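Summary of structural features
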Amino acid sequence: MSFLSSWSIQPVTPGRVFKICLLLLLLFFTVAVVSLFAGAADITLVTAIRDLLPLEADSHKALTPSERSILFSIRLPRVVLAGLVGAALSMSGVVFQALLRNPLADPYILGISAGSAVGAVTGILLGAEIIILGIPGMAFLGAILAALVVFGIAGTGRRLETSTLLLTGVMVNAFFSAVILFVFSISDHLQLQRAIYWTMGDLSLADDQAIIYTGFFLFIGMAFIYRYARNLNILATGEETALQLGIPVGKTKILLLTAASLVTAAAVAATGTIGFVGLIIPHILRLTVGPDHRILLPAAIICGGAFLVFADTMARCLVSPAELPVGVITALCGAPYFLALLRRRLST
Amino acid sequence: MTLLQSDDVSFRYHGPWVLRHVSFNVEKGSFIGILGPNGSGKSTLLKILDGILTPQEGMATMDGRSILTMSRRDIARRVAVVPQDYAGIFTFTAREIVLMGRSPHLAPWAFEGKRDHETVNRVMAQTDTMSFADRSLEHLSGGERQRVLIARALAQEPRLMLLDEPTAFLDIRHQVEIMNLLKSLNKEEGLTVLAVTHDINLASLYCDRIILLDGGAIHAEGPPAEVMTTGNIEAVYGLPVVSGNHELTGRPVIMPRIEE
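Residues numbered from 1 in each chain as written. Chains lettered and ligands numbered in written order. Predicted model: local features only at pLDDT ≥ 70, side-chain atom pairs only at ≥ 80, totals over all residues.

Some details on the overall build of chain B
Each helix and strand in chain B was counted, giving 9 helices and 12 strands. At 19 Å, chain B has a C-alpha radius of gyration in line with the 18 Å of a compact globule built from 260 residues. Across its three principal axes, chain B shows a C-alpha extent of roughly 55 × 45 × 35 Å. Among the 260 residues that make up chain B, the fraction classed as buried is 43%. Within chain B, contacts between residues at least 6 apart in sequence are counted, and of these 66% link residues at least 24 apart. (Helix = DSSP H or I, 4+ residues; strand = E, 2+ residues; numbered from the N terminus. Rg over C-alpha atoms; globule rule 2.2 N^0.38 Å. Buried ≥ 20, exposed ≤ 12 C-beta atoms within 10 Å, placed from the backbone. Contact = placed C-beta atoms within 7 Å.)

Right, here's the structure in full:
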């Protein structure tokens, strides 16, 4: 612990941000490679490398067409999407926590993920798929709606008390769950089967389109939010303080809220609601790399990605050859973690 | 020379007027105390002077220019505010908090440079906060935390420092420590100080001028010897008092009148 705390109090410089990111990227790629070669079909790293290298001509050691298809058409897109979605949820968790000044503010707990899911499901029902970005667009509307409710309750100036945050989240979630059930009950069977995925958090539908738009919005949101990284530090110390230190708080909050909701919505539109990534990862990282958002944001992006890739690998392998929705794994890890955190907060 | 001016300022939230026709000048290099009972509009006045609230009538000007025409960033380069206490979350260290004071001088993407770190080292030495620079703010005592917040305000390199009851949660020794620090910054660095306080005697001992607010209007304004009279204090606070003089400085001190 003394090693960790001495590590986190060093001044934040671009060099240190770069070094930590490099280290964490190494972790991410390790997890990603492990995930690629874990699963029911027994494909080893060695055969895959042999297959990719044109040096050896003995074809019997290379991948069979079906193995190649499993590796590159099924597992690889899934790992990529898991990485993007985990990064997106983790980053928006960091932003919501700083803006609401409460480390328990996670897009799933606040109901912003549920809002996105309602938007996406309604989009499917209305046939919004024919429009480009129709589904993520609808998810974004739902996310903004939920975020407005949460931030409306939090009001301006005050920090959101834990009990208020939890009650608001429970109510927002209850409302949107009811809307989803309502939408299910009036949709026909085919649409229902497609729509049910949004509520379970599932990566098995990973397709190129989802990867492209999640990646696109993640990178837009990331660039945009990182510009305000230093302001997020100051906002976390209080809104009035932020005004006094020269930050136009109203404008900055709206911009960050919109960006974080957009990134959450893109993730939910691609995979449905996956909980707790935005809670666990930022919390662990604040203890290791410190609370400065200039390091915390990129670290949360990379580790959020790595965590969800890991969780999805568990979801694929635990009950192999069957599969669990990845949301089951993150909730199994996240809910006890959340309760432990809550207990500590309430006791201090 | 006048640095800041409150020009016929009137303000209300939604109900009755909180401030009524408040006018005064803050001369460069002065140390001014704002006194008044609870609800007399002291904190509201500070927010108007800092451009956070917009008065319905009148205006606050700095160097003759309305505060409201300046961006938050422009204001933060000139005016620093020290709050009653730190209310943030996450475990920022004292140094990280003081570094935040450099924010109004930094471009959006920029990291703090050499000059910023030098400034922070200097103000932390001035406020005697260096010894706990790497400790988290929540593990500091009230007095230590308050010195960190003053250091953050100094890191802004402001021309005017506004303080909202900076000693409210401190014991008498730490109160005097903070006031001595402010006085030395005022004398040696020429920093203009405007402090809202509940402690009428500390204000009398440290301030050049005192503004006594009552029900949102100025009841009396001037040097402590003129303002701190039993008549003024009894009228404003509605409390019978006796007055005396401080043995060393000769400044007025006020005590409640109680029978033995």
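Right, picking up where we left off after that structure.
Some remarks on the overall build of chain A
A count of helices and strands for chain A gives 16 helices and 0 strands. What you see for chain A is a C-alpha radius of gyration of 21 Å, in line with the 20 Å of a compact globule of 348 residues. Principal-axis analysis of the C-alpha atoms places the extent of chain A at approximately 70 × 55 × 40 Å. Here chain A holds 348 residues, and the buried ones make up 50% of them. Contacts spanning at least 24 positions in sequence make up 79% of the contacts within chain A whose residues lie at least 6 apart.

Observations concerning unusual backbone geometry
All names here are of chain B. A positive phi angle, near 50°, is found at D63, a position not held by glycine. Checked against the element boundaries, D63 lands in the loop between β4 (57–62) and β5 (65–66). With phi around 60°, D128 is a residue other than glycine that occupies positive phi space.

Brief notes about the sheet that holds strand β1 (residues 2–11) of chain B
All names here are of chain B. The strand order β2-β1-β4-β5 describes an open sheet built from 4 strands, whose pairing is antiparallel. What marks the edges here is a single partner per strand, and that holds for β2 (19–27) and β5. Lying over the sheet, helix α1 (residues 42–49) contacts β1, β2 and β4, oriented at roughly 120° with respect to β1. (Pairing = 2+ DSSP bridges. Axes fitted to C-alpha atoms, helices over the stretch in contact; angles between N-to-C directions.)

Some words on the interface of chain B and chain A
Each partner contributes to the interface: chain B provides 24 residues, whereas chain A provides 25 residues. Counting residues per element, the ones that place at least two in the side of chain B that touches chain A are α2 (72–78) and α3 (94–100) of chain B. With 4 residues, the top contributor of residues to the side of chain B that touches chain A is α2 of chain B. Looking at side-chain class alone, the side of chain B that touches chain A contains 14 nonpolar, 5 polar and 5 charged residues. (Nonpolar A, V, L, I, M, F, W, Y, C, P; charged D, E, K, R; others polar.)

Here we look at the sheet that holds strand β6 (residues 79–82) of chain B
All names here are of chain B. Spatial ordering of the open sheet is given by β6-β7-β8-β3-β9-β10, a layout of 6 strands whose pairing is mixed. Among the strands making up the open sheet, the edge pair consists of β6 and β10 (217–222). Averaged over all pairs of adjacent strands, the angle between their axes in this sheet comes to 15°, without regard to strand direction. Relative to strand β8 (residues 192–196), strand β3 (residues 31–35) runs parallel, the two being bridged by 4 bridges. Within the sheet, the bridge partner assigned to G33 lies in β8 and is A195. Here helix α9 (residues 230–237) sits on the sheet and contacts β9 (209–214) and β10; the angle it forms with β10, its principal contact strand, is near 160°.

Brief notes about the pairing of β3 of chain B
Residues and elements named next belong to chain B. Of all 5 residues making up β3, 5 are buried, and the element is well covered by its neighbours. Of the two faces of β3, the one carrying F31, G33 and L35 and the one carrying I32 and I34 are both buried. Alignment of β3 against β9, held across 4 bridges, turns out to be parallel. By the bridge assignment for β9, L35 is matched with L212.

Examining the packing of helix α4 (residues 114–126) of chain B against helix α5 (residues 142–155) of chain B
Residue and element names in this part refer to chain B. Between α4 and α5, the least distance of the axes is 9 Å, while the angle of their chain directions is 140°. In terms of their interaxial angle, α4 and α5 are classed as oblique. Along this stretch, α4 crosses α5, giving a crossing that reads as right-handed. Seen from α4, the contacting residues are T119, V120, V123, M124 and Q126; seen from α5, they are A151, L154 and A155. Looking at the contact of α4 with α5 residue by residue, the classes come out as 6 nonpolar, 2 polar and no charged. (Parallel < 35°, antiparallel > 145°, perpendicular 65-115°, else oblique. Left-handed = near helix turned anticlockwise from the far one by under 90°.)

Quick word on the packing of helix α15 (residues 293–317) of chain A against helix α16 (residues 326–347) of chain A
All names here are of chain A. Taken N-terminus to C-terminus, the directions of α15 and α16 make an angle of 115°; their axes are 8 Å apart at the nearest point. The angle between α15 and α16 falls in the class roughly perpendicular. In terms of crossing hand, the pair formed by α15 and α16 is right-handed. The residues of α16 that touch α15, namely those facing L308, A311, D312, M314 and A315, are V326, V328, I329 and T330.

Considerations on the environment of Q97 of chain A
Residue and element names in this part refer to chain A. Mapping Q97 onto the fold places it in helix α4 (residues 65–100). Considered as a pair, Q97 and L110 are 13 residues apart in the sequence and their alpha carbons are 10 Å apart. Q97 has contacts with N102, P103, A105 and P282, leaving out every residue within four places of it along the chain.

Focus on the pairing of β6 of chain B
All names here are of chain B. Here β6 shows two buried faces, one formed by V79 and V81 and the other by A80 and V82. As defined by bridge partners, β6 adjoins strand β7 (residues 160–164) across 4 bridges and the pair is classed as parallel. Bridge pairing in β7 places V82 opposite L163.

Notes on the environment of K42 of chain B
Residue and element names in this part refer to chain B. Examined against the element boundaries, K42 turns out to sit in helix α1. When the 22 C-beta atoms within 10 Å are taken as the criterion, K42 is described as buried. In sequence terms K42 and S66 are 24 residues apart; their C-alpha atoms lie 20 Å from each other. Residues in contact with K42, not counting those within four places in the same chain, are I34, G36, V196 and L213.

Describing α4 of chain A
Residue and element names in this part refer to chain A. Between its first and last C-alpha, α4 extends 51 Å over 36 residues, near the 52 Å set by a 1.5 Å rise per residue. Along α4, the sharpest kink reaches roughly 35°, centred on R75 and followed within four residues by the proline P77. Among the residues trailing α4, R101 stands out with phi positive, at a value near 50°. (Expected span 1.5 Å × (residues − 1). Bend = angle between axes of the 7 residues up to and from the residue.)

Observations concerning the confidence of the model for chain B
The predicted model of chain B has a mean per-residue pLDDT of 92, with 100% of residues at 70 or higher. For this predicted complex, the interface confidence comes out at an ipTM of 0.92, alongside a pTM of 0.90. (pLDDT = per-residue confidence, 0-100.)

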